[in-house]
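# Chain and residue survey
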Amino acid sequence: MVVKFSPKHFWAAASFGLAACAAPCANAQEVAKPDVSETIISPNPNPSEFGDAILLSADAIGTSTADNSVEATGNVQAFNLGRRLRADRLKYDRTTGIISANGNVLMIDPDGTNSYAESLVVDDRLATGVINGFSSRLANGGVIAATSILRRADNRNSLNHVIYTACPICVDKRPTWELRAKSATQNLATNIISYRDVVFEIKGVPVLYLPVFTHSDPSFGRQTGFLQPKPGRSSRIGVYWEQPFVYIIDDYSDLIVSPMISQFVNPLLSAQYRRNFFSGNLKLAGSATKERRFGGRHVFYGTEDWRGHVFGEGRFAINSEWDWGFGVETASDDLYLERYSIGGQNLQRGILRTNDTRLMSQTYVEGSDENYFVRAYAASFQDLTIGERRKNTPHIAPAIEAHRNWKIGPWDGTLSASGSAIYLDRNNGRQDSGRISGGLNWRAQTIIGNGLVVAPLVSVRSDAYSYTNQRLAAGVAIGSRQLTRTLGTVSLDLKWPLVRQMDNLNLMIIPRVNLAASSKAKQNDQISIEDSNGYDNNFSSYFNQIPSSNYDIWDSGNRATIGVNVIANSGNSSFDWFVGKQYRDNSNPFLDRLTNLDREDGDWVSNLTINVNANLSFDGNIRMDAITGELVRAELAARLSYAGAGLSFRYHEMPLRIGGTERANRELVTRASYRFGEKARIFADNWYDFRTNSNLRSRIGGGFGDDCTEVLVYYEETNTTNRFITPSSGFKIQIAFKTIGLINEEPFE
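Keep in mind that this is a model prediction, so the values were computed, not measured. (Residues numbered from 1 in each chain as written. Predicted model: local features only at pLDDT ≥ 70, side-chain atom pairs only at ≥ 80, totals over all residues. Heavy atoms only, no water.)

### Things to note about the overall build of the chain
Each helix and strand in the chain was counted, giving five helices and 44 strands. Across the 749 residues of the chain, 42% fall into the buried class. In the chain, the proportion of contacts linking residues at least 24 apart, taken out of those at least 6 apart, comes to 48%. By element, 55% of the accessible surface of the chain is carried by carbon and sulfur atoms, the whole surface being about 37,100 Å². (Helix = DSSP H or I, 4+ residues; strand = E, 2+ residues; numbered from the N terminus. Buried < 20%, exposed > 50% of the residue type's maximum accessible area, 1.4 Å probe, protein only. Contact = heavy atoms within 4.5 Å. Areas by Shrake-Rupley, 256 points an atom, 1.4 Å probe, with all protein chains shown as cover.)

The structure is reproduced here in structure tokens:
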């Protein structure tokens, strides 16, 4: 027999207790008592046919006029909006509003949560009630059980003799961890569960007792509360403990506050604020402390003062084509971030990105569609080094770029108009400079004959410079002056892909030639190179038809670039090799050796990528001096993975004669890891400097994780000295229990 109830409150009342610890109680505001509105006889009832009504099915359903009740016995099932309640017997007293269910009580929620009980008694206003022998498998994998649950009128549930774990429950073994408590209180208003007399057990062995422990209700989403602590030890600041706390402001924003107490230095307070808007998002992070400067353990100097840092970014949509945003990076002093091992200074916050020796704040607006692009921005820098570079660090106020494209001419030609303006401002009588540029270029591409790809380009551009207190790279003081120049380029790019397919091999050989003629500008040696410091004309730019990556550098004269690309593929294996060389009819002696534009005879460049299979690969690029045959720059990498093991190498070399003291290096970074089955792993990496014969940074650690637990332990050494900052070492351990904690920091970036 099937009985249909029209009001929904009966369902919420009958299922409150089983849902109380597993999901929010629904329809708590409704107080009307249900009436049996219709009796339906059906051997196979379909719950979807009855909308939001409650469908009660049982072997027998009867009503009693003596006590004004409805009682169902034998295979009792109640259906409503995706929920299902099962019991051996269910009774509803319409006079008192009491609902009782007995025998193998089971409720299945739409999210997959299964809740069990021996019996439950509850009133139909959800004010009070009792559940005996409760247990529930939550949708997120957690399991909670209690001998009894009391529903109180103050919107709280009291649980007695509670067990909670996120581990799979197996008959033949104990869970990895479980929390046992004498009692617990579930606050349905704040979504917090508080335990008293708590014992944490690992594999059945008690390891920690806490008189009180709280965590957010796993049934809900983001909740206010403590996050996983971050303990550790550093030779610089000693033993420390960082304890993050998250405050959920609303559905769109939160605040994380992380105080850190250290053995040798004063406490540090970090904070992070995040908010999502309908048009974008905002993120702010920072820290503050009151401390003296220090370089190592017990090595202090200067006076005690407030110190800290701020990182922030935001990006917001103005409309479908235009955005605006900002990025903030600032620190109280240049060694603050390194003293406290605060990372993130080399992340991109906005449209511009710098390296980890500079902080940059910026604001910008940009718009684009398929035919145009416009960007305007301003930026300021905080240099974390000392000396002349810091003194020469400018403010960008402002910079503007604009591009517009039109489809014009044969061969699917495109005409592009561009404009650019920038002003660099420096303090203390240093060089200030401004530039305005405008240009047009037309390019096209077609295929002729039996596969020859022809791509012509014509470009013209005018630049106007204004300098105050100009000083050239050679140290010559010029003073104030204005310069103008008009530049032009005609270029023809030719490539001829030759393809051959064999049984198990696809082979492609692509010879390539680029011929270009660029105007000569007598003022080239009078231009301060400010937007192209570190420019390297290598394999990635040899066939750029416009002879400079930015504006200040101009490769004048006639030049020819030749190269060949060999590509082979066979199953999961591939081979891609490029080699090229450049010739020009005049040198640019005012440019340094790194640019590869200083000589008539350009260097040999090569790039190689080999994928042997899914487990082994190599790639690298080198640049060789065309005259002496010496190495100018090299980057080599290899990766190997097999049967749980992973190994990678990255080698970089740039001789001192090329890169100078700021860029020269010869380094090898090695990373290794090994996974033992699905649960355990070890890892290590090392950054070795051949110039000093020392390890700049070394890390080694291990981790363990199963379905409900994750443990991460690692040791780190940093062997660099930055003025007052001496080498340091540190040790960290993190333990996270699923659903009540997460490891939110990877040791190796």
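Following the structure, the description resumes.
### Some thoughts on the packing of aromatic side chains
On inspection of all chains with the given rule, the structure shows 14 aromatic pairs. Measuring from ring centre to ring centre gives 6.1 Å for Phe543 and Phe578, while their planes differ by 75°; the resulting arrangement is edge-to-face. One end of the pair, Phe543, is in the loop between strand 33 (506–518) and strand 34 (557–570); the other, Phe578, is in strand 35 (residues 573–584), and 35 residues separate them in sequence. Each member of the aromatic cluster is reached from another via a ring pair, and the members are Phe294, Phe300, Tyr336 and Tyr340. Seen from the ring of Phe294, Arg339 lies directly overhead, with NZ or CZ sitting 6.0 Å from the centre. (Phe/Tyr/Trp six-rings, centres within 6.5 Å; stacked < 30°, edge-to-face > 60°. Lys NZ or Arg CZ within 6 Å of the ring centre and 35° of its normal.)

### Re the pattern of salt bridges
Counted under the stated rule, the structure contains 34 salt bridges. With its nearest N and O atoms 3.1 Å apart, the salt bridge here joins Arg358 to Asp383. In this pair, Arg358 is assigned in strand 24 (residues 358–368) and Asp383 in strand 25 (residues 372–383), connecting sequence segments 25 residues apart. Take Asp383: its relative accessible area is 6%, and that puts it in the buried class. Connected via shared salt-bridge partners are Asp536, Arg593, Asp598, Arg599, Asp603, Arg623, Asp625, Arg633 and Glu635. (Salt bridge = Lys/Arg side-chain N within 4 Å of Asp/Glu carboxyl O.)

### Considerations on the environment of Asp463
Relative to the assigned elements, Asp463 resides in strand 30 (residues 452–471). Accessibility expressed as a relative area gives 2% for Asp463, which makes it buried. Considered as a pair, Asp463 and Ile436 are 27 residues apart in the sequence and their alpha carbons are 5.8 Å apart. At 2.7 Å, the side chain of Asp463 and the side chain of Arg461 are in polar contact. (Polar contact = N/O pair within 3.5 Å; in protein donor to acceptor, adjacent residues only side chain to side chain.)

### A few points about unusual backbone geometry
Backbone torsion omega between Ala397 and Pro398 reads -10°, so that peptide bond is classified as cis. Within the secondary structure, Pro398 is located in strand 26 (residues 395–407). A positive phi angle is found at Asn428, which is not glycine, with a value near 60°. Relative to the assigned elements, Asn428 resides in the loop between strand 27 (414–425) and strand 28 (432–443). Judged by its relative accessible area of 77%, Asn428 is exposed. One non-glycine residue, Asn693, adopts positive backbone phi at about 50°.

### A few points about the nonpolar core
In summary, soluble globular proteins display a tendency toward joint burial of nonpolar side chains. Membership of the largest hydrophobic core comes to 39 residues, with the highest contact counts inside it found for Val105, Leu159, Val162, Trp177, Leu179, Tyr195 and Val198. With residues up to four places along the chain from it excluded, the contact list for Leu179 reads Val162, Ile163, Tyr164, Tyr195, Val198, Val199, Phe200 and Phe213. With 14 residues, the next largest nonpolar core counts Tyr240, Met260, Phe311 and Tyr336 among its residues. (Core = buried A, V, L, I, M, F, W, Y, C linked by side-chain atoms within 4.5 Å.)

### Notes on the pairing of strand 30
Bridge count for strand 28 against strand 30 is 12 bridges, and the pairing is antiparallel. By the bridge assignment, Gly434 is partnered in strand 30 with Ser466. Both strand 29 (residues 446–448) and strand 30 contribute to a ladder of three bridges, which runs antiparallel. For Ile448, the partnering residue across the bridge sits in strand 30 and is Leu452. In this structure, the hairpin formed by strand 29 and strand 30 is closed by a connection of three residues, where Gly449 is found at a positive phi of approximately 60°. Where strand 30 and strand 31 (residues 477–495) come together, 17 bridges link them in antiparallel fashion. Within the sheet, the bridge partner assigned to Ala464 lies in strand 31 and is Thr484. (Pairing = 2+ DSSP bridges.)

### Section: the side chain of Gln362
Residue position: Gln362 is located in strand 24. Gln362 sits in the buried class, given a relative accessible area of 6%. A polar side-chain atom of Gln362 sits 3.0 Å from the main-chain amide nitrogen of Ile351. Dropping the residues within four chain positions of it, Gln362 is found in contact with Phe326, Gly327, Arg349, Gly350, Ile351, Leu352, Ala378 and Ala379.

### Overview of the pairing of strand 39 (residues 645–654)
Sheet analysis places strand 38 (residues 631–642) next to strand 39, joined by nine bridges and oriented antiparallel. Bridge pairing in strand 39 places Ala638 opposite Phe649. Turn length for the strand 38-strand 39 hairpin, with the two strands adjacent in sequence and antiparallel, is two residues, and the turn residue Ala643 shows positive phi of about 50°. Direction of pairing for strand 39 relative to strand 40 (residues 665–676): antiparallel, over a ladder of 10 bridges. Residue pairing across strands places Glu653 opposite Arg666, the latter belonging to strand 40.

### Re a nonpolar patch on the surface
A contiguous nonpolar surface patch, about 480 Å² in accessible area, is contributed by Leu492, Val513, Leu515, Ile562, Tyr583 and Trp604. Looking at the secondary structure, you find Leu492 in strand 31. Classification of Leu492 by relative accessible area gives partly exposed; the value is 32%. (Patch = residues over 30% accessible without salt bridge, like charges linked within 9 Å, V, L, I, M, F, W, Y side chains within 5 Å.)

### Here we look at the confidence of the model for the chain
Averaged over every residue, the pLDDT of the chain is 84; the share at 70 or more is 87%. In this model residues 19–44 is a low-confidence stretch, pLDDT under 50, and it forms 63 contacts with partners more than four residues away in sequence or in other chains. Residue range residues 743–749 is modelled with pLDDT below 50. Its contacts to residues more than four positions away, or to other chains, number 24 contacts. (pLDDT = per-residue confidence, 0-100.)

### Some details on the environment of His403
By the secondary structure assignment, His403 is in strand 26. It is 9.6 Å that separates the C-alpha atoms of His403 and Gly439, two residues lying 36 residues apart in sequence. Excluding residues within four positions of it along the chain, His403 makes contact with Asn371, Tyr372, Phe373, Ala417 and Ser418.

### Looking at the side chain of Ser361
Within the element layout of this structure, Ser361 appears in strand 24. From its side chain, Ser361 meets the backbone nitrogen of Glu329 in a polar contact 3.1 Å long.

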